[in-house]
Amino acid sequence: MKSKSIKKVKVKFKLNGKELELETKPNKRLLDLLRDDLNLTGTKEGCSIGECGACTVIMNGKAVNSCLVLAGEINNSEIITIEGIAQNGNLHPLQENFLKYGAVQCGFCTPGMILSAYALLRVNPEPDEETIKEAIAGNLCRCTGYKQIIEAIKHSTKITDG
Amino acid sequence: MKEKFNVVGKPVIREDGKAKVTGQAKFADDYKFPNMIFGVMVRTKATHAIIKKIDYSEIENDKHIITIVDAKDIKGLKKTGLIRKDQPVFAFEKIVTPGDVVAMLLGEDEDKLRLLAKKVKVELEELPVLNDPEKALNEDSPLIHPEFGSNLIVHHPLRKGDIEKGFAESDFILEQTYTTPHIEHAYLEPECVIAIPLGEKGIHIIGSIQNPFTARRIVAEVINYPLNKVKIEQAELGGSFGGKDDLMCILSARAAVAALKTNRPVKIRYTREESILESYKRHPYRMHYKVGYTKDGKIKAMKIDILADGGAYCSMTPFVTWRSVVQATGPYEIENVWTDVRGVYTNNPYTGAMRGFGSPQIIFAQESLMDDIAVHLGITPDEIRRINGYRQGSITASGQRLENHEVNLLKVLDTACNETNFREKWIENEKHHNRRIPTIEFKENILKRNLILSKNEFINPDDIIKKGIGLAVSFRGSSLGAEGIDAAASYLSIQNDGSAYLLCGLAENGQGMRTAYAIIVSEILGIPVENIYYLEMTTAHIPDSGPTVASRSTIMGGGAVKNSAEILRKRFEDFLKDYWKLNENDLIVFENNEVYVKGKENLKLSFPEFANLAYKNGICLSSIGWYPGPKIHWEEETGHGSAYFTYVYGCQVAEVRVNIITGEVYVDRVTAVHDPGKVINLLGALGQVYGGVTQGVGYAIFEELDKHNGLPRELNFDQYIIPTSKDVGEIIPIFVEGKDEFGPWGAKSLGEPTLELTAAAINNAIRNAVGERYFNLPVNLEEVLLKRKLRPEDLKRGSL
Ligand code: FES
Ligand code: FES
């Protein structure tokens, strides 16, 4: 790899509501930028190839696998991670319901799951069960069998937020 | 026995939940330390070879390398193992499977190290490779570990009655062979560990470690330190299912060796590919069953021969196969039984503990067999099980009388059948599977005209989709049984404001154990669950409680926690009796964060007030609880004994649809009826069922880790397919809470029973749908259509 010869670039983006400007190699994965450089370790890495969804973040309103996004692509974008969805210390309703309906076991898939659901509810505040399943089909969970996750998302519908 | 509960059995939110939904929970890879460096593994391309020389000359002066560690750096034992010491921390004599590691490169830039690892030259002398366990015991097969003189890891025989007489008394004899594949645990979090050198104080290790006490023992042996200088801390664990044991011990040892050599914190984190390559799997079994039965459906004799592929290392094979020998007949009372279970070495990935632990394989075989007997005799699957199933006082294959607990086998069976209308559906489906696959009859060559089909050329979807329903039952010994020493400890400390610290020597694996423990304390002392702080699990702060395996966390750890709370409760009652000058028959109640005397409203304190009062009166507010499992015994030569001190029972009914053109199976519904004893946390228990059944569906119809010359073909989730949110229909959990004298209020185990039954139930449902019996897991598309697996000839993708 010739990453040495790759020059750093300046990227400007909004992260969890705050404007940010930093220098990074453009070929750094967004996942590493978040976890290593910004210490936002809520975003997880489970496969590195876009199959497991543990690294899901919201980019411009859409759920994306941050292991497949390069830092060079995020200029002028808006990114939300799991650390950014609770507002002023209050859990987001999705977070509340994940707790209430037992949707969390080991918790490794949880941030990605919540963000995939978050992206869904933004465009479709009242999804039916099939739509929910579809929205999280790219998020693997080995512990829960998905049932309580689907339940939690179902009960978070009709919730819109700013 | 206590009948009314305040907290036990209710849905309680996990104590660790908030940290997990906000991204604050710290998994191993989320820890960083100043000066930390990374360790990256060096492997070879060999499957079986003698190591002649390891040549680092091309890389040793590279500026990215701080140092290199290999077997020469190990001061203590170079080979470890939980049962047999056959697994080197760094391979130095031989490579016995492709996952083997010969050295580790240390440096700050992990990516650079990964590139450099490929430049280490390992001089090898290739040896013949053994992949087929059936050939493992042949005279001319290569020995994987010549020092043991044989590839036989273990042989468990079990003999009961007179097998030949039993067959002679039978009207019919049925013989079948079943196979199951390697299965990957596929915990979402790959392995990660960090070792931090502490100078005179020893070494501190944080990692995704399932069994901290086992890891401590292994690390201490390898670096030659006393146990008290090895502190193992469990990070939040991203799933384990039995899979983060042996390998995590070895990774901890590698990290420790490197940390001591460099005097810097060392982190090892695996990619998914490395994880699947080097971690152990579920054992593939080949099972031969011969069963004799009368025309009334009474089973007279069962002869079972099982071969388990242990792979390159012993790991837990002796214990996994031991559970198989105890439970191989299924929950049926049979006079004459002859069972042999063998585990052997091969050059395949090694196999060890995985949720189910030697039971999903045998249940797949024995429950498929039971259905075939029923079909042969023209009775329904539930009937054959009623004729032979365990009842109160039944004697197991190993000669144990089932009497100290409620034997609820038939109760779970009946509940499941009633709930699903099993019999009616089963009989109805049986009528429909004799139809052949419909074929399209083209009047003329379709290519000569336009491609639009005329009406009579369409296939009626009902002819393609067949419905099926199937069931499976099991009994399962709780906890370790004669597999090992069985006891657990707990520490409970009330603070003088009424809040509490709690810790148990077993480890949270994501299953929600800590929450269950807090519920137990809350029930006894009335402290709200949210006022109980569960301490970080480290080996330095709590007595060794053995491994967190065998679904023993509730029955054993729960027992210890209950004991610690009861010690305090007794002490508090004694104090209050004196302080409030109570009579012998005054009843002190601890509930809802209050302490009061029943019927004497003036004698009442809030728990915080009480704690402060007791503290000021010099009462010790802390305790250590201990729960030793009852004695059990086992005779290895004959397979006789009381294998486990108690058992749980389950019945699952699967309803499927099978597309006979594509071979696709869709699982519409699984009704899971379990007797786990008392349910402690309803929310957690439901989660165990949903998760276990879903893993069981994967085992039934998707999952298989295939190998090419011992090298796993499916190294990531693009090829190793686990169920997604769309793959499983409804799951309906039902609990039948049987009474038991063991465990907290009779709470036993649930995690493993939920998984072990599903594949067998699905296989029976598929048979009910299409009228064909399948003998080899997974029952995937090609198995359904062709009754064989399609495999590529080499490592390329695609199939032949
Ligand atoms: S780590 Fe990005 S999808 Fe798995
Ligand atoms: S909760 Fe463990 S992977 Fe989803």
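Nothing here was measured: the structure is a model prediction, and the numbers come from that model. (Residues numbered from 1 in each chain as written. Chains lettered and ligands numbered in written order. Predicted model: local features only at pLDDT ≥ 70, side-chain atom pairs only at ≥ 80, totals over all residues. Heavy atoms only, no water.)

Visitor: Got a minute to help me understand empty space enclosed by the protein in this structure?
Guide: The rolling of a water-molecule-sized probe over the atoms marks out the regions of remaining empty space. All names here are of chain B. Enumeration over the complete set of coordinates arrives at six cavities of 30 Å³ or more. In this structure, the second largest cavity encloses a volume near 130 Å³. Along its surface, the second largest cavity is lined by 19 residues, and Gln-87, Gly-99, Asp-100, Glu-278 and Tyr-313 are the ones closest to its centre. Within the residue set of the lining of the second largest cavity, elements represented by two or more residues are strand E5 (87-88), helix H5 (246-262) and helix H6 (272-278). (1 Å grid on protein atoms, 1.4 Å probe; cavity = no way out; pocket = protein on both sides within 12 Å on 5 of 7 lines; lining within 4 Å. Points joined across faces, edges and corners; volume = space filled by probe spheres on them. Helix = DSSP H or I, 4+ residues; strand = E, 2+ residues; numbered from the N terminus.)

Visitor: What is the right way to read the domain arrangement of chain B from this model?
Guide: In many analyses, interface size is given as the accessible surface area lost on bringing the parts together. Residue and element names in this part refer to chain B. Taken as a whole, chain B is organised into domain 1 (17-24 + 487-628) and domain 2 (31-127 + 191-269). Centre-to-centre separation of domain 1 and domain 2, based on C-alpha positions: 39 Å. Each partner contributes residues to the interface: domain 1 has 19 residues there, and domain 2 has 15 residues. In total, domain 1 and domain 2 occlude about 1300 Å² of area from one another, counting both sides; carbon and sulfur atoms represent 53% of this. (Domains from an automatic or database assignment. Contact = heavy atoms within 4.5 Å. Buried area = accessible area lost by both parts, 1.4 Å probe.)

Visitor: When you look at the interface of chain A and chain B in this model, what are you seeing that I'm missing?
Guide: Listed by partner, the interface residues are 45 residues for chain A and 50 residues for chain B. When chain A packs against chain B, close to 3900 Å² is buried across both sides, 58% of that on carbon and sulfur atoms. Between the two partners, chain A and chain B, sit five salt bridges. With a shortest N-O distance of 3.4 Å, Arg-35 of chain A and Asp-29 of chain B are connected by a salt bridge. Counting across the interface, chain A meets chain B through 21 residue pairs in polar contact (both at pLDDT 80 or more). Elements supplying a minimum of two residues to the side of chain A that touches chain B: helix H1 (30-37), helix H2 (93-100), helix H3 (110-123), helix H4 (129-135) and helix H5 (147-154) of chain A. Counting residues per element, the side of chain A that touches chain B draws most heavily on H2 of chain A, which supplies four residues. Looking at the side of chain A that touches chain B residue by residue, the class counts come to 20 nonpolar, 13 polar and twelve charged. (Salt bridge = Lys/Arg side-chain N within 4 Å of Asp/Glu carboxyl O. Polar contact = N/O pair within 3.5 Å; in protein donor to acceptor, adjacent residues only side chain to side chain. Nonpolar A, V, L, I, M, F, W, Y, C, P; charged D, E, K, R; others polar.)

Visitor: Explain the sheet that holds strand E20 (residues 500-504) of chain B here, please?
Guide: In sheet architecture, strand pairing relies on hydrogen bonds along the backbone and comes in two forms, parallel and antiparallel. Residue and element names in this part refer to chain B. Taking strand neighbours across the sheet as the criterion, the four strands line up as E21-E20-E19-E25 in an open arrangement whose pairing is mixed. A strand with exactly one partner marks an edge of an open sheet, and here the two such strands are strand E21 (532-534) and strand E25 (622-628). Strand-to-strand twist across the sheet, computed as the mean angle between neighbouring axes with direction ignored, equals 20 degrees. Pairing of strand E19 (residues 487-494) with E20 involves five bridges; the strand directions are antiparallel. Across the sheet, residue Leu-492 finds its bridge partner in E20, namely Leu-502. Each of E19, E20 and E21 touches helix H13 (residues 513-525); the most contacted strand, E21, lies at about 150 degrees to it. (Pairing = 2+ DSSP bridges. Axes fitted to C-alpha atoms, helices over the stretch in contact; angles between N-to-C directions.)

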